[in-house]
Amino acid sequence: MSGVADDAATPAEGRTVWRRAVPVAALALALVGVMAVAMAQGVLAASFAVSGTTSQISARKLTGKGLTVFTAVDRTVDGPGRPQARIGVGNATLTGLCESTRVNTPVGTVTFKLTAGDRDTAVTVDDLVIDVDDLTGDARFGRMELGRDASTLDAVPHSQGAAGQFGLQATDLEVDGIRTHARSATGGNFRLKGLALSIRPGDKGCY
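Note that the coordinates shown come from a computational prediction; the quantities given were computed from them, not determined experimentally. (Residues numbered from 1 in each chain as written. Predicted model: local features only at pLDDT ≥ 70, side-chain atom pairs only at ≥ 80, totals over all residues. Heavy atoms only, no water.)

This paragraph deals with the overall build of the chain. Tallying secondary structure elements over the chain gives 2 helices and 9 strands in all. Taken from N to C terminus, the helices and strands of the chain fall in the order α-α-β-β-β-β-β-β-β-β-β. By the burial criterion, 33% of the 207 residues in the chain qualify as buried. Within the chain, residue pairs in contact and separated by at least 24 positions form 78% of the contacts whose partners lie at least 6 positions apart. (Helix = DSSP H or I, 4+ residues; strand = E, 2+ residues; numbered from the N terminus. Buried < 20%, exposed > 50% of the residue type's maximum accessible area, 1.4 Å probe, protein only. Contact = heavy atoms within 4.5 Å.)

Unusually for a residue other than glycine, Asn91 sits at a positive phi of about 50°. Tracing the backbone shows Asn91 in the loop between β2 (81-89) and β3 (92-95). The phi dihedral of Asn189 falls on the positive side, at around 55°, and the residue is not glycine. Note on placement: Asn189 falls in strand β8 (residues 166-191).

Scanning the entire structure with this criterion turns up 1 disulfide. The disulfide partner of Cys98 is Cys206, and the S-S distance across this bridge is 2.0 Å. Across the disulfide from Cys98 to Cys206, rotation about the S-S bond amounts to roughly -85°, and the bridge is consequently left-handed. Here Cys98 is found in strand β4 (residues 97-105), whereas its partner Cys206 is found in the segment after β9 (196-201), with 108 residues between them in sequence. Looking at Cys98, the relative accessible area reads 8%, which means it is buried. (Disulfide = S-S within 2.5 Å.)

What follows is about the pairing of β2. Here strand β1 (residues 55-75) runs beside β2; their pairing, made up of 9 bridges, is antiparallel. In the strand pairing of β2, Thr68 is matched with Gly88. Relative to strand β6 (residues 123-141), β2 runs antiparallel, the two being bridged by 5 bridges. Looking at β6, one finds that Ala85 is bridged to Val132. (Pairing = 2+ DSSP bridges.)

What follows deals with the pattern of salt bridges. One pass over the structure, following the stated rule, counts 8 salt bridges. Lys61 is paired through a salt bridge with Glu174; the nearest N and O atoms lie 3.7 Å apart. Here Lys61 is found in strand β1, whereas its partner Glu174 is found in strand β8, with 113 residues between them in sequence. Overall, Glu174 belongs to the partly exposed group, its relative accessible area being 27%. Across the salt bridge formed by Glu145 and Arg148, the nearest N and O atoms sit 2.7 Å from each other. The structure contains a network of salt bridges with shared partners spanning Arg143, Glu145, Arg148 and Asp154. (Salt bridge = Lys/Arg side-chain N within 4 Å of Asp/Glu carboxyl O.)

This next bit is on the confidence of the model for the chain. Across the chain, the average pLDDT comes to 80, with 73% of residues at or above 70. Here residues 2-11 is a poorly scored stretch, pLDDT under 50, and it has 1 contact once near neighbours within four places are set aside; other chains count. pLDDT under 50 marks residues 21-50. Its contacts with residues more than four places away, or in other chains, come to 39 contacts. (pLDDT = per-residue confidence, 0-100.)

Put into structure tokens, the structure is as follows:
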């Protein structure tokens, strides 16, 4: 009988034990909730040590008043720096927003996903700053200045680079079908209508 009990208590190899996974997922959701509140109150700074994890971000449409682009270096707590494109958008509005991050946990890979803003409601954020590896979409810029010294950019508050570095800015922008791999994002006064958070086993990204 003891052998039968032991077999019942021991999970089959490769099987996820969900009673162990639930606390991990709950903790992740709680941390995300705290971060969302902090970002909504403008508490998080634009510069911090990043986790080194890349997130997929997509949106049907992004519009903004003010755009800045320059190079920056993101640093992890215990790793080397990584060059990024730092994009600042003032008064950003997004529809069909999706953000997903693959996370390795003791019980296997899970995907954290956040969605918000449908065709009738939009996500809004002030002074969005996002560090990206790449970005694709169909874009329209307003009056643009290409090659401006990054330290003099003024289209978005608190979004300037180092003196002598290449910079770009525009008075406004509109991007359809945006897709990007991002290392970090900050902003103030996030308004996430239709917010939905989920954690699912496996790799189930936004695209």
